[in-house]
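# A look at the structure
Spelled out, the chains give:
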Amino acid sequence: YELVVEACGAERVFARPGIGGVKRMLGCTCGPSEYTQYSFSVQADGVRWTVPLRYSDFVEFDRTLRSVFSAEELGGLGQLPDKTFLLNNGSPTLIETRKVKLQTYLNRLSNSPAVMRSGLVRD
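Chains are numbered independently. Their residues run from 1 in the order of the written sequence. Note on the predicted model: pLDDT of at least 70 is required for a residue's local features to be given, and 80 or more for side-chain atom pairs to be given and counted; whole-chain, interface and lining totals, by contrast, use all residues. Excluding hydrogens and water, the side-chain values take into account all heavy atoms of the structure.

Right, let's get into the pairing of strand β2 (residues 33-44). The buried fraction of β2 amounts to 9 of the 12 residues, a majority that puts the element mostly inside the structure. One ladder, built from 8 bridges, connects β2 with strand β3 (residues 47-54); its direction is antiparallel. Bridged to Tyr38 within β3 is Leu53. The turn linking β2 back onto β3 is made up of 2 residues, and Asp45 within it adopts a positive phi angle of 50 degrees. Exposure is judged per residue with a 1.4 Å probe applied to protein chains only, and the accessible area is read against the type maximum: over 50% gives exposed, under 20% gives buried, and values in between give partly exposed. Secondary structure elements are defined from DSSP: runs of H or I of at least 4 residues count as helices, runs of E of at least 2 residues count as strands, and each element is numbered from the N terminus. DSSP bridges decide pairing: two strands pair if at least two such bridges lie between them.

Okay, the confidence of the model for the protein chain next. Scored between 0 and 100, pLDDT is the confidence that the predictor attaches to each residue. Mean pLDDT over the protein chain: 78, with 77% of residues reaching 70 or higher. Per-element mean pLDDT across the protein chain ranges from 48 in helix α1 (residues 21-26) up to 92 in helix α2 (residues 55-68). In what follows, residue pairs with any heavy atoms lying within 4.5 Å of each other are defined as contacts. Counted against residues more than four places away or in other chains, residues 22-31, with its pLDDT under 50, gives 12 contacts.

Moving on to the side chain of Ser41. Within the element layout of this structure, Ser41 appears in strand β2. Overall, Ser41 belongs to the buried group, its relative accessible area being 8%. If we ignore the near neighbours within four places in the chain, the residues touching Ser41 are Val4, Val5, Glu6, Cys8, Arg48, Trp49 and Thr50.

Salt bridge criterion: a side-chain nitrogen from Lys or Arg within 4 Å of a carboxyl oxygen from Asp or Glu. Applying the stated rule across the entire model yields 2 salt bridges. The salt bridge involving Asp62 is made with Arg66; its shortest N-O contact spans 2.9 Å. Pair noted here: Asp62 and Arg66 are both in helix α2, with a separation of 4 residues, about one helical turn. Judged by relative accessible area, which is 34%, Arg66 ranks as partly exposed.

Expected helix span is given by 1.5 Å per residue-to-residue step, counting one fewer step than there are residues. Over its 14 residues, α2 extends 20 Å from the first C-alpha to the last, a length consistent with the 20 Å expected when each residue adds 1.5 Å. Residues of α2 that are buried include every one of Tyr55, Phe58, Asp62 and Leu65, and no others. Down the axis of α2, the smallest arc covering the buried residues is 75 degrees, so these residues share one side. Across α2 from its buried face, at more than 90 degrees, point the exposed residues Glu60, Arg63 and Ser67. Buried residues belonging to α2 abut β2, β3, α3 (71-74), α4 (92-109) and α5 (113-118). Arc definition: directions from the helix axis to the C-beta atoms.

Topologically, Gln103 is positioned in helix α4. Relative accessible area serves as the criterion here: at 22%, Gln103 is assigned to the partly exposed category. Those residues in contact with Gln103 that lie beyond four places of it in its chain are Val5, Glu6, Ala7 and Phe40.

As a further point, take the side chain of Asp62. Taking the relative accessible area as the measure of exposure, Asp62 reaches 9% and is therefore buried. In this structure, Asp62 is in contact with Leu77, Leu80 and Tyr105, ignoring residues within four places of it in sequence.

This is the structure we're talking about:
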């Protein structure tokens, strides 16, 4: 089936105190953790839905894809945009740039017949 992906937004979200990679690693449970949630509109077989994802969701999904499929099967998927650490995470420019690159990543992924047949995208 054909998959159409369109970035529809990105917003900063506050999580519960103690949630977040650095705070979890350091054992700190004080203060809120903030992250960016990217929203993508997905359409397949005439059905459209919105998927909210964090960058860490993409990292985990990419790791799974690369363990299941060969580089040849993934075609020109390329790499995820760079991970930022602490300093620029909330920058509007960074968020917009990453949103565009994540949409490109998803659109390239939809061009891989092996991945599209696998069911991993639907999960």
